[in-house]
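Examination of the molecular architecture
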Amino acid sequence: MNVNIHKDIEKISDEIISTRRDIHKHPELGFEVHRTAGIVAEKLKNLGMDVQTGIGKTGVVGDLKCGDGPTIALRADMDALPIQETGDLGYKSINDRIMHACGHDGHTAMLLGTAKVLADKKSKIRGTVRFLFQPAEEGEGGARYMIEDGCLDGVAEIYGIHLWNYQKFGEVGVKEGPILAAADEFKITIKGVGGHGAAPQGSVDAVVVSAHLITALQTIVSRNTNPLESTVVSIGMINGGYSFNIIADEVVLKGTARSYTEENRQLIKTRMQEIIDGIGQSFGAVIDFDYHDGYPPTVNDKGVYEKLLASAKKIVGEGAGDPYLSMGGEDFSYYTQKIPGCFFFVGSAPENQPFRSVPHHCSHFDIDERALMVGSSIFVQLIEDQLMT
Ligand code: NI
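Residues numbered from 1 in each chain as written. Predicted model: local features only at pLDDT ≥ 70, side-chain atom pairs only at ≥ 80, totals over all residues. Heavy atoms only, no water.

The subject of this paragraph is the overall build of the chain. Looking only at helices and strands, one finds ten helices and 16 strands in the chain. Across its three principal axes, the chain shows a C-alpha extent of roughly 85 × 40 × 40 Å. Across the 389 residues of the chain, 54% fall into the buried class. In the chain, once contacts between residues fewer than 6 apart in sequence are set aside, the share between residues at least 24 apart is 81%. Of the roughly 16400 Å² of accessible surface on the chain, 49% is carried by carbon and sulfur atoms. With 37 positive and 52 negative side-chain charges, the chain shows a separation of 4 Å between the mean positions of the two kinds. (Helix = DSSP H or I, 4+ residues; strand = E, 2+ residues; numbered from the N terminus. Buried < 20%, exposed > 50% of the residue type's maximum accessible area, 1.4 Å probe, protein only. Contact = heavy atoms within 4.5 Å. Areas by Shrake-Rupley, 256 points an atom, 1.4 Å probe, with all protein chains shown as cover. Lys, Arg positive; Asp, Glu negative; His and termini not counted. Charge placed at Lys NZ, Arg CZ, Asp CG, Glu CD.)

This is the structure we're talking about:
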(Lines give C-alpha, C1' and ligand atoms only; values in the text may rest on other atoms or scores of the structure.)
Protein backbone atom coordinates (compact mmCIF):
# COMPACT_ATOMS: atom_id res chain seq x y z
CA MET A 1 0.00 0.00 0.00
CA ASN A 2 1.41 3.30 -1.08
CA VAL A 3 -0.08 6.30 0.76
CA ASN A 4 1.47 9.71 0.19
CA ILE A 5 0.09 12.04 2.82
CA HIS A 6 0.40 15.64 1.62
CA LYS A 7 3.47 17.11 3.32
CA ASP A 8 1.58 20.15 4.64
CA ILE A 9 -1.12 17.92 6.14
CA GLU A 10 1.52 15.66 7.67
CA LYS A 11 2.88 18.68 9.54
CA ILE A 12 -0.46 19.38 11.25
CA SER A 13 -1.58 15.78 11.75
CA ASP A 14 -1.44 16.08 15.55
CA GLU A 15 -3.73 19.10 15.41
CA ILE A 16 -6.22 17.34 13.10
CA ILE A 17 -6.34 14.35 15.45
CA SER A 18 -6.75 16.48 18.58
CA THR A 19 -9.56 18.49 16.93
CA ARG A 20 -11.34 15.26 16.06
CA ARG A 21 -10.95 13.92 19.58
CA ASP A 22 -12.21 17.13 21.12
CA ILE A 23 -15.32 17.09 18.92
CA HIS A 24 -15.76 13.37 19.61
CA LYS A 25 -15.76 14.07 23.33
CA HIS A 26 -18.39 16.81 22.95
CA PRO A 27 -20.92 15.49 20.43
CA GLU A 28 -24.07 17.43 19.54
CA LEU A 29 -27.27 16.42 17.77
CA GLY A 30 -29.00 17.69 14.64
CA PHE A 31 -29.24 21.45 14.46
CA GLU A 32 -27.95 21.83 18.04
CA VAL A 33 -24.30 21.82 17.03
CA HIS A 34 -23.58 25.13 18.79
CA ARG A 35 -20.24 24.27 20.41
CA THR A 36 -18.89 22.56 17.30
CA ALA A 37 -19.99 25.38 15.00
CA GLY A 38 -18.43 27.88 17.40
CA ILE A 39 -15.06 26.12 17.22
CA VAL A 40 -15.28 25.93 13.44
CA ALA A 41 -16.17 29.62 13.04
CA GLU A 42 -13.37 30.72 15.33
CA LYS A 43 -10.76 28.62 13.58
CA LEU A 44 -11.82 29.86 10.14
CA LYS A 45 -11.80 33.49 11.31
CA ASN A 46 -8.31 33.02 12.71
CA LEU A 47 -7.24 31.90 9.25
CA GLY A 48 -8.41 35.24 7.86
CA MET A 49 -11.49 33.97 6.05
CA ASP A 50 -14.84 35.63 5.46
CA VAL A 51 -17.03 33.63 7.81
CA GLN A 52 -20.82 33.46 7.99
CA THR A 53 -22.54 31.71 10.86
CA GLY A 54 -26.18 30.71 11.29
CA ILE A 55 -26.35 29.37 7.72
CA GLY A 56 -28.89 26.53 7.59
CA LYS A 57 -29.74 27.36 11.22
CA THR A 58 -26.37 26.42 12.80
CA GLY A 59 -24.06 25.87 9.82
CA VAL A 60 -20.87 27.78 9.09
CA VAL A 61 -19.58 28.96 5.72
CA GLY A 62 -16.01 30.19 5.29
CA ASP A 63 -14.73 31.69 2.05
CA LEU A 64 -11.06 31.68 1.18
CA LYS A 65 -11.11 34.32 -1.56
CA CYS A 66 -7.98 34.28 -3.64
CA GLY A 67 -8.63 36.41 -6.70
CA ASP A 68 -10.34 35.60 -9.97
CA GLY A 69 -11.33 32.04 -10.65
CA PRO A 70 -14.08 29.55 -9.99
CA THR A 71 -15.54 28.77 -6.57
CA ILE A 72 -15.13 25.22 -5.34
CA ALA A 73 -17.02 24.08 -2.24
CA LEU A 74 -15.79 21.45 0.23
CA ARG A 75 -18.34 20.15 2.71
CA ALA A 76 -18.28 18.53 6.14
CA ASP A 77 -21.19 17.55 8.39
CA MET A 78 -20.93 18.20 12.13
CA ASP A 79 -23.76 16.30 13.86
CA ALA A 80 -23.69 13.19 16.05
CA LEU A 81 -26.24 10.45 16.82
CA PRO A 82 -28.53 9.62 19.78
CA ILE A 83 -26.46 6.62 20.91
CA GLN A 84 -24.84 5.85 24.27
CA GLU A 85 -21.15 5.27 23.61
CA THR A 86 -19.97 1.88 24.91
CA GLY A 87 -16.34 1.85 23.73
CA ASP A 88 -13.55 2.92 26.05
CA LEU A 89 -11.76 5.57 24.04
CA GLY A 90 -9.77 8.05 26.12
CA TYR A 91 -11.83 10.81 24.52
CA LYS A 92 -15.19 9.08 24.93
CA SER A 93 -18.37 11.20 24.72
CA ILE A 94 -19.16 13.09 27.90
CA ASN A 95 -22.72 13.78 26.72
CA ASP A 96 -25.32 11.24 27.78
CA ARG A 97 -26.82 9.24 24.89
CA ILE A 98 -25.06 11.33 22.25
CA MET A 99 -22.18 9.98 20.24
CA HIS A 100 -20.19 10.57 17.08
CA ALA A 101 -20.91 7.09 15.77
CA CYS A 102 -20.75 7.93 12.08
CA GLY A 103 -17.45 9.81 11.77
CA HIS A 104 -18.77 13.36 11.35
CA ASP A 105 -16.29 14.46 14.04
CA GLY A 106 -13.57 13.32 11.65
CA HIS A 107 -15.23 15.07 8.70
CA THR A 108 -15.18 18.36 10.58
CA ALA A 109 -11.55 17.90 11.70
CA MET A 110 -10.39 16.96 8.19
CA LEU A 111 -11.99 20.01 6.63
CA LEU A 112 -10.54 22.32 9.30
CA GLY A 113 -7.09 20.86 8.59
CA THR A 114 -7.63 21.43 4.88
CA ALA A 115 -8.67 25.03 5.56
CA LYS A 116 -5.52 25.69 7.58
CA VAL A 117 -3.20 24.37 4.88
CA LEU A 118 -4.98 26.13 2.02
CA ALA A 119 -5.11 29.47 3.88
CA ASP A 120 -1.31 29.37 3.83
CA LYS A 121 -1.34 28.98 0.06
CA LYS A 122 -3.66 31.89 -0.54
CA SER A 123 -1.28 33.83 -2.77
CA LYS A 124 -0.98 30.88 -5.15
CA ILE A 125 -4.68 30.03 -5.47
CA ARG A 126 -6.78 31.47 -8.31
CA GLY A 127 -10.41 31.38 -7.24
CA THR A 128 -12.39 30.82 -4.07
CA VAL A 129 -12.52 27.81 -1.80
CA ARG A 130 -15.78 27.69 0.12
CA PHE A 131 -15.77 25.60 3.31
CA LEU A 132 -19.24 24.33 4.22
CA PHE A 133 -19.85 22.97 7.70
CA GLN A 134 -23.43 21.80 7.98
CA PRO A 135 -25.64 20.62 10.82
CA ALA A 136 -28.26 17.87 10.83
CA GLU A 137 -27.13 15.38 8.22
CA GLU A 138 -28.60 12.51 10.25
CA GLY A 139 -32.22 12.67 9.17
CA GLU A 140 -33.23 16.30 9.23
CA GLY A 141 -31.62 17.33 5.97
CA GLY A 142 -29.44 20.22 7.12
CA ALA A 143 -28.12 20.55 3.57
CA ARG A 144 -31.50 21.81 2.34
CA TYR A 145 -31.46 24.64 4.86
CA MET A 146 -27.88 25.53 3.92
CA ILE A 147 -28.90 25.72 0.26
CA GLU A 148 -31.93 27.88 1.09
CA ASP A 149 -29.56 30.27 2.84
CA GLY A 150 -27.45 30.55 -0.31
CA CYS A 151 -24.47 28.33 0.47
CA LEU A 152 -24.23 27.23 -3.17
CA ASP A 153 -24.53 30.69 -4.71
CA GLY A 154 -21.73 31.13 -7.21
CA VAL A 155 -20.31 27.66 -6.53
CA ALA A 156 -19.12 25.73 -9.61
CA GLU A 157 -18.67 22.33 -8.01
CA ILE A 158 -18.81 20.63 -4.61
CA TYR A 159 -16.99 17.74 -2.96
CA GLY A 160 -17.75 15.77 0.20
CA ILE A 161 -16.08 12.96 2.14
CA HIS A 162 -17.46 10.16 4.24
CA LEU A 163 -15.05 8.20 6.40
CA TRP A 164 -15.86 4.57 5.61
CA ASN A 165 -15.25 1.67 7.95
CA TYR A 166 -16.21 -0.77 5.21
CA GLN A 167 -12.91 0.02 3.51
CA LYS A 168 -9.36 -0.06 4.86
CA PHE A 169 -6.85 2.71 5.44
CA GLY A 170 -5.31 3.66 2.11
CA GLU A 171 -8.45 2.91 0.10
CA VAL A 172 -10.67 5.58 -1.41
CA GLY A 173 -14.04 4.54 -2.83
CA VAL A 174 -15.58 6.65 -5.54
CA LYS A 175 -17.58 6.15 -8.70
CA GLU A 176 -19.42 8.05 -11.38
CA GLY A 177 -23.22 8.24 -11.05
CA PRO A 178 -25.22 7.10 -8.01
CA ILE A 179 -23.08 6.36 -4.94
CA LEU A 180 -25.72 6.47 -2.18
CA ALA A 181 -29.40 5.65 -2.30
CA ALA A 182 -32.70 7.45 -1.99
CA ALA A 183 -33.79 6.68 1.56
CA ASP A 184 -37.59 6.80 1.83
CA GLU A 185 -39.95 5.90 4.63
CA PHE A 186 -43.49 4.59 4.59
CA LYS A 187 -46.37 3.74 6.88
CA ILE A 188 -49.23 1.44 5.94
CA THR A 189 -52.36 1.29 8.07
CA ILE A 190 -54.67 -1.69 7.45
CA LYS A 191 -58.19 -1.18 8.72
CA GLY A 192 -60.37 -4.27 8.95
CA VAL A 193 -63.32 -5.35 11.05
CA GLY A 194 -62.65 -6.96 14.41
CA GLY A 195 -64.44 -9.93 15.93
CA HIS A 196 -64.23 -13.05 18.05
CA GLY A 197 -61.35 -15.37 17.20
CA ALA A 198 -63.76 -18.32 17.19
CA ALA A 199 -66.19 -16.65 14.81
CA PRO A 200 -64.29 -15.09 11.89
CA GLN A 201 -67.34 -14.80 9.70
CA GLY A 202 -68.26 -11.18 9.20
CA SER A 203 -64.85 -9.92 10.22
CA VAL A 204 -62.04 -8.54 8.08
CA ASP A 205 -58.87 -9.82 9.73
CA ALA A 206 -56.22 -7.11 9.51
CA VAL A 207 -53.51 -9.61 10.54
CA VAL A 208 -54.29 -11.89 7.59
CA VAL A 209 -54.38 -8.91 5.23
CA SER A 210 -50.98 -7.75 6.55
CA ALA A 211 -49.50 -11.22 5.95
CA HIS A 212 -50.56 -11.15 2.29
CA LEU A 213 -49.43 -7.58 1.91
CA ILE A 214 -45.95 -8.11 3.38
CA THR A 215 -45.39 -11.10 1.13
CA ALA A 216 -46.66 -9.33 -1.97
CA LEU A 217 -44.55 -6.22 -1.34
CA GLN A 218 -41.42 -8.40 -1.53
CA THR A 219 -42.20 -9.09 -5.18
CA ILE A 220 -41.50 -5.47 -6.15
CA VAL A 221 -37.76 -5.96 -5.84
CA SER A 222 -37.76 -9.59 -6.98
CA ARG A 223 -40.20 -9.23 -9.92
CA ASN A 224 -40.64 -5.59 -10.95
CA THR A 225 -37.29 -3.81 -10.76
CA ASN A 226 -34.33 -4.58 -12.99
CA PRO A 227 -32.16 -7.17 -11.20
CA LEU A 228 -29.06 -5.28 -12.35
CA GLU A 229 -30.19 -2.17 -10.47
CA SER A 230 -30.13 -2.28 -6.67
CA THR A 231 -33.35 -1.63 -4.75
CA VAL A 232 -34.64 -2.53 -1.30
CA VAL A 233 -38.11 -2.68 0.26
CA SER A 234 -37.99 -3.53 3.96
CA ILE A 235 -40.82 -3.72 6.48
CA GLY A 236 -39.16 -2.93 9.78
CA MET A 237 -42.14 -2.68 12.09
CA ILE A 238 -45.50 -4.44 12.45
CA ASN A 239 -47.95 -3.59 15.13
CA GLY A 240 -51.49 -4.84 15.66
CA GLY A 241 -53.91 -6.99 17.57
CA TYR A 242 -55.08 -7.30 21.15
CA SER A 243 -55.23 -10.91 22.32
CA PHE A 244 -55.09 -14.53 21.16
CA ASN A 245 -58.86 -14.77 20.73
CA ILE A 246 -59.62 -11.41 19.14
CA ILE A 247 -59.56 -10.74 15.42
CA ALA A 248 -57.51 -7.58 14.93
CA ASP A 249 -59.25 -4.63 13.35
CA GLU A 250 -56.04 -2.73 12.63
CA VAL A 251 -52.40 -3.42 11.76
CA VAL A 252 -49.76 -0.76 11.17
CA LEU A 253 -46.63 -1.48 9.14
CA LYS A 254 -43.61 0.78 8.80
CA GLY A 255 -40.66 0.38 6.49
CA THR A 256 -38.12 1.87 4.17
CA ALA A 257 -37.58 1.83 0.40
CA ARG A 258 -34.14 2.39 -1.14
CA SER A 259 -33.11 2.98 -4.73
CA TYR A 260 -30.27 4.55 -6.70
CA THR A 261 -32.39 6.23 -9.37
CA GLU A 262 -35.50 8.42 -9.46
CA GLU A 263 -37.04 5.96 -11.96
CA ASN A 264 -36.80 3.05 -9.54
CA ARG A 265 -37.95 5.26 -6.71
CA GLN A 266 -41.13 6.07 -8.64
CA LEU A 267 -41.57 2.46 -9.75
CA ILE A 268 -41.43 1.21 -6.16
CA LYS A 269 -43.90 3.84 -5.01
CA THR A 270 -46.35 3.08 -7.83
CA ARG A 271 -46.18 -0.70 -7.39
CA MET A 272 -46.64 -0.35 -3.63
CA GLN A 273 -49.80 1.65 -4.18
CA GLU A 274 -51.13 -0.87 -6.74
CA ILE A 275 -50.46 -3.85 -4.48
CA ILE A 276 -52.00 -2.10 -1.48
CA ASP A 277 -55.11 -1.20 -3.48
CA GLY A 278 -55.43 -4.70 -4.92
CA ILE A 279 -55.02 -6.52 -1.63
CA GLY A 280 -57.27 -4.08 0.18
CA GLN A 281 -59.98 -4.66 -2.38
CA SER A 282 -59.67 -8.44 -2.43
CA PHE A 283 -60.00 -8.72 1.35
CA GLY A 284 -62.41 -5.87 1.89
CA ALA A 285 -59.98 -3.85 4.02
CA VAL A 286 -59.35 -0.13 3.88
CA ILE A 287 -55.61 0.52 3.64
CA ASP A 288 -53.98 3.92 4.11
CA PHE A 289 -50.61 4.41 2.46
CA ASP A 290 -48.35 7.19 3.62
CA TYR A 291 -45.08 7.43 1.66
CA HIS A 292 -42.51 10.00 2.68
CA ASP A 293 -39.65 10.96 0.35
CA GLY A 294 -36.40 11.00 2.32
CA TYR A 295 -33.02 12.02 0.91
CA PRO A 296 -32.73 11.68 -2.87
CA PRO A 297 -30.04 9.47 -4.44
CA THR A 298 -26.52 10.96 -4.24
CA VAL A 299 -25.28 11.12 -7.82
CA ASN A 300 -21.71 11.96 -8.80
CA ASP A 301 -21.14 14.09 -11.89
CA LYS A 302 -18.82 12.44 -14.42
CA GLY A 303 -16.46 15.38 -14.95
CA VAL A 304 -16.19 16.26 -11.27
CA TYR A 305 -15.70 12.59 -10.36
CA GLU A 306 -12.82 12.33 -12.85
CA LYS A 307 -11.09 15.34 -11.27
CA LEU A 308 -11.48 13.88 -7.80
CA LEU A 309 -10.19 10.47 -8.88
CA ALA A 310 -7.09 12.01 -10.45
CA SER A 311 -6.27 13.95 -7.26
CA ALA A 312 -7.06 10.95 -5.01
CA LYS A 313 -4.66 8.77 -7.01
CA LYS A 314 -1.84 11.17 -6.18
CA ILE A 315 -2.47 10.42 -2.50
CA VAL A 316 -3.38 6.72 -2.43
CA GLY A 317 -2.35 5.49 -5.88
CA GLU A 318 -4.18 2.33 -6.86
CA GLY A 319 -6.00 2.45 -3.53
CA ALA A 320 -8.50 4.75 -5.25
CA GLY A 321 -11.23 2.83 -7.01
CA ASP A 322 -14.70 1.36 -6.76
CA PRO A 323 -16.42 1.98 -3.44
CA TYR A 324 -17.88 -0.56 -1.06
CA LEU A 325 -21.45 0.44 -1.80
CA SER A 326 -24.37 0.65 0.56
CA MET A 327 -28.03 1.56 0.23
CA GLY A 328 -27.61 4.24 2.89
CA GLY A 329 -28.73 7.80 2.23
CA GLU A 330 -26.90 11.16 2.51
CA ASP A 331 -28.19 14.68 2.36
CA PHE A 332 -25.16 15.62 0.23
CA SER A 333 -27.64 14.54 -2.47
CA TYR A 334 -29.38 17.92 -2.19
CA TYR A 335 -26.17 19.64 -3.27
CA THR A 336 -25.65 17.29 -6.22
CA GLN A 337 -29.22 17.96 -7.34
CA LYS A 338 -28.27 21.64 -7.74
CA ILE A 339 -24.68 21.64 -8.99
CA PRO A 340 -22.10 19.09 -10.19
CA GLY A 341 -20.58 17.30 -7.22
CA CYS A 342 -18.65 14.29 -6.07
CA PHE A 343 -19.08 12.38 -2.82
CA PHE A 344 -16.46 9.82 -1.93
CA PHE A 345 -15.44 7.37 0.78
CA VAL A 346 -12.15 7.37 2.65
CA GLY A 347 -11.36 3.94 4.12
CA SER A 348 -11.17 4.15 7.93
CA ALA A 349 -11.67 0.60 9.27
CA PRO A 350 -10.03 0.44 12.72
CA GLU A 351 -6.64 -1.19 12.54
CA ASN A 352 -6.81 -3.60 15.46
CA GLN A 353 -10.35 -4.86 15.00
CA PRO A 354 -11.62 -7.58 12.65
CA PHE A 355 -12.42 -5.98 9.28
CA ARG A 356 -15.99 -4.61 9.09
CA SER A 357 -16.64 -5.42 12.75
CA VAL A 358 -17.07 -1.75 13.67
CA PRO A 359 -19.92 -0.50 11.47
CA HIS A 360 -21.19 3.06 11.32
CA HIS A 361 -23.93 3.88 13.85
CA CYS A 362 -22.77 1.22 16.31
CA SER A 363 -22.16 2.13 19.96
CA HIS A 364 -18.46 1.17 19.87
CA PHE A 365 -17.76 3.04 16.63
CA ASP A 366 -14.18 4.13 16.07
CA ILE A 367 -11.93 4.89 13.12
CA ASP A 368 -8.33 4.51 12.05
CA GLU A 369 -7.30 8.12 12.59
CA ARG A 370 -4.66 7.92 9.87
CA ALA A 371 -7.62 8.14 7.49
CA LEU A 372 -8.12 11.76 8.55
CA MET A 373 -4.84 12.69 6.91
CA VAL A 374 -5.83 10.83 3.74
CA GLY A 375 -9.07 12.81 3.47
CA SER A 376 -7.43 16.17 4.18
CA SER A 377 -4.63 15.40 1.72
CA ILE A 378 -7.10 14.63 -1.05
CA PHE A 379 -8.97 17.90 -0.45
CA VAL A 380 -5.72 19.90 -0.49
CA GLN A 381 -4.46 18.07 -3.56
CA LEU A 382 -7.76 18.65 -5.34
CA ILE A 383 -7.64 22.41 -4.78
CA GLU A 384 -3.98 22.54 -5.82
CA ASP A 385 -4.85 20.65 -8.99
CA GLN A 386 -7.91 22.76 -9.79
CA LEU A 387 -7.06 26.26 -8.60
CA MET A 388 -3.28 26.55 -8.43
CA THR A 389 -1.20 27.25 -11.47
NI1 NI B 1 -22.69 9.83 8.21
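Here we come to helix α3 (residues 34-46). Each α-helix winds once per 3.6 residues, and so residues spaced three or four apart point in a common direction. With 13 residues, α3 should cover 18 Å at 1.5 Å per step; its first-to-last C-alpha distance of 18 Å lies within 8% of that length. Burial in α3 covers these residues: T36, A37, I39, V40, A41 and L44. For α3, the elements touching its buried residues are α2 (13-25), β1 (50-55), β2 (59-66), α4 (104-119) and β4 (127-134). (Expected span 1.5 Å × (residues − 1).)

C102 (SG), H104 (NE2) and H162 (NE2) make up the full set of protein donors to the nickel ion, lying at 2.2 to 2.3 Å. Exposure remark for H104: the relative accessible area of 0% places this residue in the buried category. (Donors = N, O, S within 2.8 Å, 3.2 Å for Na, K, Ca; no water.)

Another point: the domain arrangement of the chain. Taken domain by domain, the chain consists of domain 1 (7-180 + 297-387) and domain 2 (182-295). In this assembly, 19 residues from domain 1 lie in contact with 13 residues from domain 2. For the domain 1 and domain 2 pair, buried surface summed over both sides reaches about 1000 Å², with 63% attributable to carbon and sulfur atoms. Put simply, domain 1 and domain 2 have six residue pairs in polar contact (both at pLDDT 80 or more) between them. For the side of domain 1 that touches domain 2, the secondary structure elements donating two or more residues are β7 (177-180) and α9 (332-338). Sort the elements by how many residues they give to the side of domain 1 that touches domain 2 and β7 lands first, with three residues. (Domains from an automatic or database assignment. Buried area = accessible area lost by both parts, 1.4 Å probe. Polar contact = N/O pair within 3.5 Å; in protein donor to acceptor, adjacent residues only side chain to side chain.)

Our focus in this paragraph is the packing of aromatic side chains. Scanning the model with the defined rule gives eleven aromatic pairs in all. Residues F186 and Y291 carry aromatic rings whose centres are separated by 6.4 Å and whose planes lie at 15 degrees to one another, so their mutual orientation is stacked. Of this pair, F186 sits in strand β8 (residues 182-191) while Y291 sits in strand β13 (residues 286-295), and the two are 105 residues apart along the sequence. Here F289 and Y291 contribute two aromatic rings whose centre-to-centre distance is 6.0 Å and whose plane-to-plane angle is 70 degrees, an arrangement assigned as edge-to-face. We classify F289 as buried; its relative accessible area is 19%. Overall, the relative accessible area of 16% leaves Y291 in the buried class. (Phe/Tyr/Trp six-rings, centres within 6.5 Å; stacked < 30°, edge-to-face > 60°.)

This paragraph deals with the sheet that holds strand β16 (residues 341-347). Pairing in this open sheet of eight strands is mixed, and the strands run β1-β2-β4-β3-β5-β16-β6-β15 from one edge to the other. Strands at the two margins of the open sheet, each flanked by one partner only, are β1 and β15 (320-321). In terms of strand pairing, strand β6 (residues 172-173) meets β15 through two bridges, oriented parallel. Note that in β15 the partner of G173 across the bridge is G321. Packed on one face of the sheet, α3 meets β1, β2 and β4 and runs near 15 degrees to β2. (Pairing = 2+ DSSP bridges. Axes fitted to C-alpha atoms, helices over the stretch in contact; angles between N-to-C directions.)

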